[in-house]
Amino acid sequence: MPKLRYYAERGEPVSSSAIETLEETTFNEFEPGSLVSDADIFIKYVVAKKMPPGGKSQQLPIGRLKEINSILSRPLGHGLKRPQQKSLPNVNGLYLLLRASGLVKVCGRELVADSRLLSSWKTLNNTEQYFALLVAWLVHARPEIIGARTREGSYATHLVRLTERLSSDLTVLDPERFGLLYSAEDKMIVALMELFGWIEIEYNPAEKGKGPQVHSIQWLPLGHAMVELINHYWLNCELLASSGELCGNENAFLAYFVAARPELVSLLPPEEQIEHRGTYVWRVSVGPVWRRIEIGSASTLEALAEAILAAYDFDNEHLYCFGMIDARGRELRFDHPFCESHNPMVHETELGQLPLACGSTVTFSYDFGDDWEFELLLEAVRDDQPLGAPKVTCRRGK
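Keep in mind that what you see is a predicted model, and the values were worked out from it rather than measured.

Enquirer: Looking at this structure, I do not really get the overall build of the chain. What am I missing?
Expert: Helix and strand counts for the chain stand at 11 helices and 12 strands. On C-alpha atoms alone, the chain measures out to a radius of gyration of 23 Å, which is about the 21 Å that the 2.2 N^0.38 rule sets for 398 residues. In terms of principal-axis extent, the alpha carbons of the chain reach across some 65 × 50 × 40 Å. Sorting the 398 residues of the chain into buried and exposed places 48% on the buried side. The long-range fraction of contacts in the chain, counting pairs at least 24 apart against all pairs at least 6 apart in sequence, stands at 66%. Split by element, the accessible area of the chain, about 19,300 Å² in all, is 49% carbon and sulfur. Looking at charge distribution, the chain has the averaged site of its 40 positive side-chain charges lying 9 Å from that of its 53 negative ones.

Enquirer: How do you make sense of the sheet that holds strand E6 (residues 279-286) when you look at a structure like this?
Expert: One key point about sheets: their strands pair by backbone hydrogen bonds, in either a parallel or an antiparallel sense. Within the open sheet, the seven strands sit side by side as E9-E8-E10-E11-E6-E7-E12. Their pairing is antiparallel. At either end of the open sheet lies a strand with only one pairing partner, and these are strand E9 (331-335) and strand E12 (391-396). Shown here is a sheet whose adjacent strand axes are inclined to one another by a mean of 25°, direction ignored. Here six bridges tie strand E10 (residues 361-366) to strand E11 (residues 372-382), and the two strands are oriented antiparallel to one another. Across the sheet, residue Thr 363 finds its bridge partner in E11, namely Glu 375.

Enquirer: It is not clear to me how the side chain of Asp 367 should be interpreted in this structure. Could you clarify?
Expert: Along the polypeptide, Asp 367 turns up in the loop between E10 and E11. No salt bridge is formed by the buried Asp 367. Its closest oppositely charged neighbour is Arg 333, at 12 Å.

Enquirer: Honestly, the nonpolar core in this entry has me stumped. Any pointers?
Expert: Across soluble globular proteins, you tend to see nonpolar side chains buried next to one another. Core analysis: the biggest nonpolar cluster contains 87 residues, and Phe 131, Trp 137 and Trp 198 have the highest contact counts within it. Among the nonpolar cores identified, the runner-up in size contains 31 residues, and Trp 282, Ala 305, Ile 308 and Phe 322 belong to it.

Enquirer: Would you explain the sheet that holds strand E3 (residues 170-172) in this entry?
Expert: Strand order in this open sheet of three strands is E3-E5-E4, and the pairing throughout is antiparallel. Looking at strand neighbours, the two that pair on one side only are E3 and strand E4 (199-203), the edges of this open sheet. The mean angle between the axes of side-by-side strands here comes to 15°, regardless of whether they run parallel or antiparallel. Where E4 lies against strand E5 (residues 214-219), five bridges are found, and the strand directions are antiparallel.

Enquirer: What's the story with the packing of aromatic side chains in this structure? I'm lost.
Expert: We describe a pair of aromatic rings using the distance from one ring centre to the other and the angle between the two ring planes. Taken as a whole and judged by the stated rule, the model has 21 aromatic pairs. Summarising the aromatic geometry, the rings of Phe 364 and Tyr 366 are spaced 6.5 Å apart at their centres and angled 25° between planes, so their arrangement reads as stacked. The residues Phe 364 and Tyr 366 share a single accessibility class, namely buried. Clustering of aromatic rings is evident, with ring pairs tying together Phe 27, Tyr 130, Phe 131, Trp 137, Phe 196, Trp 198, Tyr 233, Phe 253, Tyr 256 and Phe 257. The positively charged end of Arg 291 is found above the aromatic ring belonging to Tyr 312, 4.7 Å away from the centroid.

Enquirer: Hey, could you run me through the pairing of E10 in this one?
Expert: Side-chain direction in a regular strand flips from residue to residue, so the side chains alternate between the two faces of the sheet. Relative to E10, strand E8 (residues 320-325) is paired through five bridges, and the arrangement is antiparallel. Note that in E10 the partner of Tyr 320 across the bridge is Tyr 366. Counted between consecutive antiparallel strands, the loop separating E10 from E11 contains five residues, among which Asp 367 sits at a positive phi close to 65°.

What counts and how
- Residues numbered from 1 in each chain as written.
- Predicted model: local features only at pLDDT ≥ 70, side-chain atom pairs only at ≥ 80, totals over all residues.
- Heavy atoms only, no water.
- Helix = DSSP H or I, 4+ residues; strand = E, 2+ residues; numbered from the N terminus.
- Rg over C-alpha atoms; globule rule 2.2 N^0.38 Å.
- Buried < 20%, exposed > 50% of the residue type's maximum accessible area, 1.4 Å probe, protein only.
- Contact = heavy atoms within 4.5 Å.
- Areas by Shrake-Rupley, 256 points an atom, 1.4 Å probe, with all protein chains shown as cover.
- Lys, Arg positive; Asp, Glu negative; His and termini not counted.
- Charge placed at Lys NZ, Arg CZ, Asp CG, Glu CD.
- Pairing = 2+ DSSP bridges.
- Axes fitted to C-alpha atoms, helices over the stretch in contact; angles between N-to-C directions.
- Salt bridge = Lys/Arg side-chain N within 4 Å of Asp/Glu carboxyl O.
- Core = buried A, V, L, I, M, F, W, Y, C linked by side-chain atoms within 4.5 Å.
- Phe/Tyr/Trp six-rings, centres within 6.5 Å; stacked < 30°, edge-to-face > 60°.
- Lys NZ or Arg CZ within 6 Å of the ring centre and 35° of its normal.

Structure (structure tokens):
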């Protein structure tokens, strides 16, 4: 693991008490916190129920949320007839972790457990499972996974800033004032902190028409230790980023924990990079008007854009971009070569390199003034000889 510098202007090296607390903590299925146990419960539920993702942001189906909440180690009381995912911070947080880790993914039109990663998960010891989910949260997770607005900064940044608002021992929230937990994401973060065994939360009795309401937050020794370690990681990332160096990766994060937990050897394997070869069959729609376009997997997104514009008799004279959500719920964007951005460019990206499967959807946005938006549905991937030039095989409407 890399040895990281400490940000001398804002803190001393990690305290011996934080290291000792981490060394003395018992890690098993139910300690610290119910994280590992609840993750297993959630995964088994996904495998058993074969649920479709809800909406464009691929959330859990609303009709399943009460049941999922009820089977977790600590179901949260609420007074909602039909809660949204963000209304149940324990469910929302677990969904974020399992999607960011890749253990649960969207395949076509169904939420499934990733069989390769699930097999690996079962070989990890409880400490490794705990830290695999911690890495998923603080290194890999992004707000759009849970349908939240994309913002600057990682969840490590959000966690550090939220914990700075809490008292050092016990925080009691005033129900008559706009409290410390400003947003659904804040409530999710404290729910995750409890699942990780860092705090204990006392909730108010359920009220009709309201979601779970936090009454108080009590710090536990492990919480102080973990937040101190994470704060040092975050400060180093901020420092290294300002000097153009990279920090936000698994090895840099785990460097703070492995000395205290020698059994922390392995995590989940990285994402597989799979290249498809064959013919992609797209249904490209604008409202009720649609075209079916076939195009080879070796073709670029630029070639697909040209085929779409030609199929609709549009001139290719404006900027455009493609947007999609990958199997882990993260937004991907691919830009026109003349766009000023750090995103991948359409002329450098082949279709076969993208994380696509039958049922995947992609958005094609053309002309950022008039804002034409085309919805693309991948109907089939034929395992045949790739086409030379794209072709339109069906037209409906004008």
